[in-house]
Every structure is written in structure tokens, then in C-alpha cells.
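# A closer look at the structure
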Amino acid sequence: MDVNTFLAHAIQLEREAARRYEELSAALATEGNADLKAFFALMAKYSRLHLADAMARGGFREIPVIAPQDFQWPDGVSPEVADWAGVDALLDAPAALALAMDSERRGHAWYAAVAASTIDPELRALAAEFAEEEADHLRQLQALIAAHVA
């Protein structure tokens, strides 16, 4: 994978992450869980910021247009989309947190795998930076889960 292809993937991944967090925020609104609704809205905002960053980094490059079936995702599906079929108004807080945690783990793993498997120093640095952003999301989710369990 080259940097341009990586950025095309990162743009898609972050776009999907933002949508999924917006869905979680909306689903939790019906449960009356204001703190989780706000947290998921904040995570959607972070994903939109990461999306803007990925798009800005691609601004001077020729980012390929990739058909949905041609993305190089593990198991053929974006890390931020897998297992999201059950997001609806009946989703409770523990299930929403577990879903978000699984999604962030997959996103982090994808970015980290790209960083670990490339010989391109620019791509390695870029993928490692994106992996660290996902690791920060994981830490935030872990803290929130710990607060909800306590």
C-alpha cells in the first residue's frame, strides 16, 4: 500500500467512524443517557476532525477513488463498520460501549498493521500517527467504561 491509497482508506474509515458514532449518539438519546449521548457525539466530532486531517494531507496528492468492494480491509469490511447492524433505539449503554470499543480496537489494529508492515518510512509514520489517535480513543472509552462499571 502506498501513502495515497492509505489516505483513501483513512478517509473512508474516519467517515464511517463519524457516522457510526452519530448513530450511537442518536440511539442513546432515546435511552435517556445524556452523558453517553454527549460522549458519542464528541467521538463523532473527533472522527470528523481525523477525516478533515486525512483529507487535508491528501490535498496535494492524487488520492485514488476506490470502489467499495476494492478497499483492502480485513475480512472485506471496514474496521469501523463491522458489527454495527444492531444499532437502533433499543441499544443499551453497555452494548453501545462494547460496540464502540470493538470498533476502535479494529480501527487501531488496522492502522497499526499498516505501520508495522510497510517499508515506506512516510507511510509508517503516517499510519503510526493514526494508530495513536485510535489508541487515544481506546483510552477514553476504557475510562468511560470503568466509570460506568464503578
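It should be noted that the structure appears before, not after, this text.
Residues numbered from 1 in each chain as written. Predicted model: local features only at pLDDT ≥ 70, side-chain atom pairs only at ≥ 80, totals over all residues. Heavy atoms only, no water.

## Some remarks on the packing of aromatic side chains
Counted by the stated rule, this structure contains nine aromatic pairs. Taking 5.7 Å as the distance between ring centres and 5° as the angle between the ring planes, the aromatic pair formed by Phe-6 and Trp-110 counts as stacked. Placement of Phe-6 in helix α1 (residues 3-29) and of Trp-110 in helix α3 (residues 93-117) is noted, with a sequence separation of 104 residues between them. Phe-6 sits in the buried class, given a relative accessible area of 0%. Here the aromatic rings of Tyr-111 and Phe-130 are separated by 5.3 Å at their centres, their planes lie at 50°, and the arrangement is tilted. Here Tyr-111, found in helix α3, pairs with Phe-130, found in helix α4 (residues 121-149); they are 19 residues apart in sequence, far enough to count as distant. We note that Tyr-111, like Phe-130, is buried. (Phe/Tyr/Trp six-rings, centres within 6.5 Å; stacked < 30°, edge-to-face > 60°. Helix = DSSP H or I, 4+ residues; strand = E, 2+ residues; numbered from the N terminus. Buried < 20%, exposed > 50% of the residue type's maximum accessible area, 1.4 Å probe, protein only.)

## Considering the pattern of salt bridges
In the structure shown here, the tally under the stated rule is five salt bridges. In this structure, the salt-bridge partner of Glu-22 is Arg-48, at a minimum N-O distance of 3.1 Å. Remark: Arg-48 occurs in helix α2 (residues 34-57) and Glu-22 occurs in helix α1; sequence separation between them is 26 residues. Arg-105 is paired through a salt bridge with Asp-102; the nearest N and O atoms lie 3.7 Å apart. Pair noted here: Arg-105 and Asp-102 are both in helix α3, with a separation of three residues, about one helical turn. Look at Arg-105 and you get partly exposed, because its relative accessible area is 45%. When its relative accessible area of 33% is taken as the criterion, Asp-102 is described as partly exposed. Overlapping salt bridges bring together Glu-132, Asp-136 and Arg-139 as one network. (Salt bridge = Lys/Arg side-chain N within 4 Å of Asp/Glu carboxyl O.)

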